[in-house]
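Residue-level structure breakdown
Chain by chain, the residues:
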Amino acid sequence: QVQLQESGPGLVKPSQTLSLTCSVSFGSINTGGYYWSWIRQFPGKGLEWIGYIHHSGSADYNPSLRSRVTISVDTSKNQFSLTLTSLTAADTAIYYCANCRETNWFDLWGQGTLVTVSS
Amino acid sequence: DIQMTQSPSSLSASVGDRVTISCRASRSISSWLAWYQQRPGTAPQLLIYKASTLNSGVPSRFRGSGFGTEFTLTISSLQPDDFATYYCQQYQSSYTFGQGTKLELK
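Residues numbered from 1 in each chain as written. Chains lettered and ligands numbered in written order. Predicted model: local features only at pLDDT ≥ 70, side-chain atom pairs only at ≥ 80, totals over all residues. Heavy atoms only, no water.

**Some remarks on the sheet that holds strand 8 (residues 70–75) of chain B**
All names here are of chain B. Read from one edge of the open sheet, 4 strands run 1-3-8-7, paired in antiparallel fashion. One side of each edge strand has no neighbouring strand; the edge strands of this open sheet are strand 1 (4–7) and strand 7 (62–67). Each strand of the sheet is rotated relative to its neighbour by a mean of 15 degrees, with strand direction disregarded. As defined by bridge partners, strand 3 (residues 19–25) adjoins strand 8 across 6 bridges and the pair is classed as antiparallel. Note on strand 8: the bridge partner recorded for R24 is E70. (Pairing = 2+ DSSP bridges. Helix = DSSP H or I, 4+ residues; strand = E, 2+ residues; numbered from the N terminus. Axes fitted to C-alpha atoms, helices over the stretch in contact; angles between N-to-C directions.)

**As for the interface of chain A and chain B**
Across the contact, 16 residues belong to chain A and 15 residues belong to chain B. In this assembly, chain A packs against chain B so that about 1400 Å² is buried in total across both faces, 65% of it on carbon and sulfur atoms. Counting the contacts that link chain A with chain B gives 0 salt bridges. Between chain A and chain B we count 7 residue pairs in polar contact (both at pLDDT 80 or more) in total. Mapped onto the side of chain A that touches chain B, the elements with two or more residues apiece are strand 4 (34–41), strand 5 (47–53), strand 9 (93–101) and strand 10 (105–109) of chain A. Residue composition of the side of chain A that touches chain B, by class: 9 nonpolar, 4 polar and 3 charged. (Contact = heavy atoms within 4.5 Å. Buried area = accessible area lost by both parts, 1.4 Å probe. Salt bridge = Lys/Arg side-chain N within 4 Å of Asp/Glu carboxyl O. Polar contact = N/O pair within 3.5 Å; in protein donor to acceptor, adjacent residues only side chain to side chain. Nonpolar A, V, L, I, M, F, W, Y, C, P; charged D, E, K, R; others polar.)

**Digging into the packing of aromatic side chains**
Residue and element names in this part refer to chain B. Following the criterion strictly, the structure yields 17 aromatic pairs over all chains and no others. With a centroid separation of 6.4 Å and an interplanar angle of 40 degrees, the aromatic rings of F62 and Y86 are classed as tilted. Note that F62 is positioned in strand 7 and Y86 in strand 9 (residues 85–90), a separation of 24 residues in sequence. Of the residues examined, Y86 reaches a relative accessible area of 0% and is grouped as buried. (Phe/Tyr/Trp six-rings, centres within 6.5 Å; stacked < 30°, edge-to-face > 60°. Buried < 20%, exposed > 50% of the residue type's maximum accessible area, 1.4 Å probe, protein only.)

**Some thoughts on the state of the cysteines**
For the structure shown, the criterion picks out 2 disulfides over all chains. Here C22 of chain A is linked by a disulfide to C97 of chain A, with a sulfur-sulfur distance of 2.1 Å. Of note, the bridge from C22 of chain A to C97 of chain A carries an S-S torsion of about 60 degrees and is right-handed in sense. With a gap of 75 residues between them, C22 of chain A in strand 3 (residues 18–25) and C97 of chain A in strand 9 connect regions that are remote in the sequence. Judged on exposure class, the residue C22 of chain A and its partner C97 of chain A are both buried. The disulfide bridge from C23 of chain B ends at C88 of chain B, spanning 2.1 Å between sulfur atoms. Linking C23 of chain B and C88 of chain B, the disulfide has an S-S dihedral of approximately 75 degrees and is accordingly described as right-handed. Separated by 65 residues along the polypeptide, C23 of chain B in strand 3 and C88 of chain B in strand 9 bring together distant segments of the chain. (Disulfide = S-S within 2.5 Å.)

Structural data, given as structure tokens:
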């Protein structure tokens with residue numbers, strides 16, 4: 001069974017850039033039909049899709065975050081990454097990596113990593 | 001953007017009860033709807049996709065229905081493991097989630 005694991009800093013200062021990595025285990029990131037995604041969950045529990053990337057490098061982003069987000073993939077390491085710039089306290093959330101099946105539903109999630117934006 | 005609105009926001013029930021959670025889309029999403037269950041401290045887990053198709057391993061007491069803008073998740077006989085928060089999610093246009101329905105033990 002494919003597993004996903006997020007890694008990255010738990011605390012970031014306002015205006016700085018967040019970088020998170022998701023490692024894919026017991027499966028290949030090159031699997032057809034899989035779109036590797038980032039989703040965040042705010043303290044009030046709301047969920048927001050951030051974006052996804054295909055192993056080919058094709059990516060799509062939430063329009064509300066497009067100007068600040070980049071998702072990249074490293075097939076040699078079986079990983080994909082999130083970069084989010086110009087952070088504010090409103091970006092404080094649990095960040096999940098997830099697999100989006102055929103650009104539809106999210107059928108596999110990592111355990112999530114809490115990111116707090118604070119000075 | 002397609003907005004997803006769930007009702008109720010919270011619900012108290014007992015083991016063995018039948019419960020229904022509603023999800024409304026701001027415009028038609030055909031059958032492009034998924035349901036997730038989230039237990040405290042864990043990631044959401046996919047229950048249902050295409051409005052009514054059970055994900056592998058999901059018990060048959062879970063049932064999804066609906067089309068267009070109105071959808072429901074029904075749990076026919078609540079088990080202790082079912083007390084959790086449930087989210088709907090549309091994938092007709094980009095991806096948006098409902099605000100969640102917390103199912104609590106009465």
